[in-house]
Amino acid sequence: MSGLLGGRTCSAPEEASNLKYPLGTRLREPLTEARFQQLFGGPEQELELPAEPRLPRLCRLWRGQASTCSGSGAWRLLLARLPPLRWLPLYRWRAWLLGDAVAGVTVGVVHVPQGMAFALLTSVPPVFGLYTSFFPVLIYSLLGTGRHLSTGTFAVLSLMTGSAVERLVPEPVAGNLSGIEREQLDAQRVGVAAAVAFGSGVLMLGMFALQLGVLSTFLSEPVVKALTSGAALHVLVSQLPSLLGLSLPRQIGCFSLFKTLAAVLTALPRSSPAELTISALSLALLVPVKELNVRFRDRLPTPIPGEVVMVLLASVLCFTSSLDTRYNVQVVGLLPGGFPQPLLPNMAELPRILADSLPIALVTFAVSTSLASIYADKYSYTIDPNQELLAHGVSNLVSSLFSCFPNSATLATTSLLVDAGGNTQAVWMVTWVAVVTLNVDLGLAVGVVFSMMTVVCRTQRVQCLALGLAEGTELYRPLRESHKLLQVPGLCILSYPTPLYFGTRGQFRHILEWHLGFGERGKDSPKPDGLSDTVAEPVKVVILDLSGVTFADAAGAKEVAQLASRCQDAGIHLLLAQCNASVLETLTRAGLLDRVTPEQLFVSVQDAAAHALERLVRGSSIRRGSQGLLG
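Rules and cut-offs
- Residues numbered from 1 in each chain as written.
- Predicted model: local features only at pLDDT ≥ 70, side-chain atom pairs only at ≥ 80, totals over all residues.
- Heavy atoms only, no water.
- Axes fitted to C-alpha atoms, helices over the stretch in contact; angles between N-to-C directions.
- Helix = DSSP H or I, 4+ residues; strand = E, 2+ residues; numbered from the N terminus.
- Parallel < 35°, antiparallel > 145°, perpendicular 65-115°, else oblique.
- Contact = heavy atoms within 4.5 Å.
- Nonpolar A, V, L, I, M, F, W, Y, C, P; charged D, E, K, R; others polar.
- Left-handed = near helix turned anticlockwise from the far one by under 90°.
- Buried < 20%, exposed > 50% of the residue type's maximum accessible area, 1.4 Å probe, protein only.
- Pairing = 2+ DSSP bridges.
- Core = buried A, V, L, I, M, F, W, Y, C linked by side-chain atoms within 4.5 Å.

## A look at the packing of helix α9 (residues 155–168) against helix α16 (residues 350–378)
Phase 1: Between α9 and α16, the least distance of the axes is 10 Å, while the angle of their chain directions is 175°. As summarised for this structure, α9 and α16 are arranged roughly antiparallel, according to the angle between their axes. In contact with L157, M160, T161, A164, R167 and L168 of α9, α16 contributes R352, I353, D356, P359, I360, V363 and T364.
Phase 2: Grouping the amino acids of the contact of α9 with α16 by side-chain chemistry returns eight nonpolar, two polar and three charged.

## Some details on the packing of helix α8 (residues 135–143) against helix α17 (residues 385–400)
The relative placement of two packed helices is expressed as an angle between their axes plus a distance between the axes.
Phase 1: Running from N to C, α8 and α17 cross one another at 150°; their axes reach a closest spacing of 9 Å. As the angle between them shows, α8 and α17 are arranged roughly antiparallel. The two elements α8 and α17 meet at a crossing, and its hand is right-handed. Side by side, α8 and α17 meet where F135, P136, I139, Y140 and L143 of the first sit next to Q387, E388, L390, A391, H392, V394, S395, V398 and S399 of the second.
Phase 2: When its residues are assigned to classes, the contact of α8 with α17 shows nine nonpolar, four polar and one charged.

## Let's talk about the pairing of strand β8 (residues 491–495)
Phase 1: Within β8, five of the five residues are buried, which leaves the element mostly enclosed by the surrounding structure.
Phase 2: Neither face of β8 is left uncovered, since the one carrying L491, I493 and S495 and the one carrying C492 and L494 both have all their residues buried.
Phase 3: Pairing between strand β5 (residues 465–470) and β8: three bridges, direction antiparallel. The residue bridging L467 from the neighbouring strand is I493, located in β8.

## Description of the nonpolar core
Phase 1: Formed by 49 residues in total, the largest nonpolar core has its most connected members in V124, F154 and V192.
Phase 2: When contributions to this core are tallied by element, the ones reaching two or more residues are α6 (93–121), α7 (127–132), α8, α9, α10 (179–209), α11 (221–244) and α16.
Phase 3: Of all hydrophobic cores here, the second largest spans 34 residues; its members include A470, L563, A564 and L576.

Have a look at this one:
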């Protein structure tokens with residue numbers, strides 16, 4: 001199209017030859033296709049090669065793929081799927097080994113009581129929490145890209161899984177079960193929990209196959225920080241009954257956090273003094289040690305392992321005393337040794353637990369990717385969301401074979417608020433309130449939707465700017481920025497800096513009607529920003545700068561086509577400038593070229609202004625007496 005190809009300088013009409021044009025150059029006429037071929041010749045004819053036989057072409061394509069999958073291609077694939085091969089050769093043994101060893105021992109020890117506690121939240125025997133704290137850690141360390149991520153049991157997933165377990169395998173109404181009946185009930189519940197882990201693992205592997213890691217782009221920073229903070233509050237409230245020695249029924253669904261708090265406050269007089277004392281002493285040890293580690297971080301060679309000391313002291317106290325018989329303190333007791341034999345979960349359970357596996361898979365991906373991205377940003381490395389789907393999918397799938405329940409990155413062993421910062425936004429508050437009030441899965445959905453809606457709302461509040469020529473330059477700037485910008489009578493240059501789609505088409509129509517005088521400019525019609533209060537004369541030529549329109553849908557393109565028709569009926573010459581290829585293609589499909597010619601499309605505002613000025617001069621819209629304004 002000629003306008004898009006540019007133009008060459010040509011002699012202006014005699015009437016306009018003495019004018020000093022604001023572009024500082026002589027006017028250029030549109031360069032048509034015929035004129036282009038006349039000046040530069042037509043395209044060279046390429047020699048047509050005989051058609052290649054289909055079979056040799058397929059063979060060569062197969063050989064190319066085979067060579068990609070061998071040698072260096074296979075090595076690149078291995079590096080992508082096994083991240084330790086990339087960072088392990090760069091490991092700084094002297095600087096990092098001691099700290100990693102202390103951190104590993106600390107996290108490993110904390111996993112023991114945490115795993116058993118979260119197994120009770122899942123409604124399975126405590127030993128299965130230890131299994132879930134072992135197998136996923138090994139698998140994620142081989143496949144995961146979050147170097148600072150700790151995986152294992154997670155209270156929120158345990159609560160979600162426990163709800164499914166108790167719904168599918170409820171406690172008998174009679175209540176009193178024999179030893180054999182209790183074992184059978186526990187075996188059924190473990191099978192359901194493992195089936196949920198298997199189903200969520202399969203779903204995450206399916207997401208990996210479809211390369212849906214791109215969904216992490218919808219987890220904006222406020223959503224991530226609010227999600228982790230709200231989930232931490234769920235973890236805290238879920239542990240209150242254990243801290244106070246209360247045996248309370250599980251609260252599920254929306255407002256479960258407040259229901260749990262209400263139940264705890266109601267049952268507070270029944271708290272166990274012994275368990276409350278143990279909890280208070282544990283906190284009295286952990287909180288000061290944590291504060292010392294934070295305050296003297298630069299002076300300590302390694303952090304003080306307060307968690308390890310606390311677990312050891314509690315274990316020795318329980319072993320050497322009779323807390324369970326004398327003070328009715330709940331003690332886990334003996335645990336079976338070794339690991340369970342690999343066993344495929346009951347496939348008959350999969351249709352029943354599919355509705356539970358999907359939200360668990362999404363929460364696993366969201367929480368794990370969020371925590372990994374927080375630490376990746378802090379320590380200046382990148383994570384691969386698709387690889388994270390693979391890591392957690394394989395982790396849940398394989399660990400389910402060893403009777404493990406769903407696992408993910410854990411908030412208790414990963415410092416989720418290290419770099420949370422103090423800045424809050426609308427998005428942060430909405431996500432946090434939704435996570436705390438409703439639930440983690442529903443809160444995540446609300447946060448993502450609200451985050452996307454803020455972007456949509458911003459497109460509704462853009463300002464269409466009227467442009468003027470900066471004196472002594474070829475630059476066009478918004479008229480509201482300065483009073484020294486020049487305006488040509490009868491010429492209106494507008495810049496619309498937002499995507500043009502079904503949500504903004506009404507705003508686009510209203511703004512253009514106001515600027516071009518199609519609508520009534522009464523008191524009920526607000527004046528758009530950027531337009532001067534007085535209009536010297538009716539608009540004869542309008543230039544629409546589309547450089548800010550990054551995309552347009554069918555509704556938005558139809559609006560532009562209708563604008564072209566209205567301008568044609570009103571005798572206004574419409575010019576479009578800086579329209580990108582994808583938007584131009586959409587406009588073409590909407591029938592724009594039936595209403596405008598290719599000569600009305602320009603690659604820059606300057607070229608469009610030169611053409612508009614020439615048209616105004618030829619039409620005697622600008623007289624010689626206007627020379628002072630133009631100069």
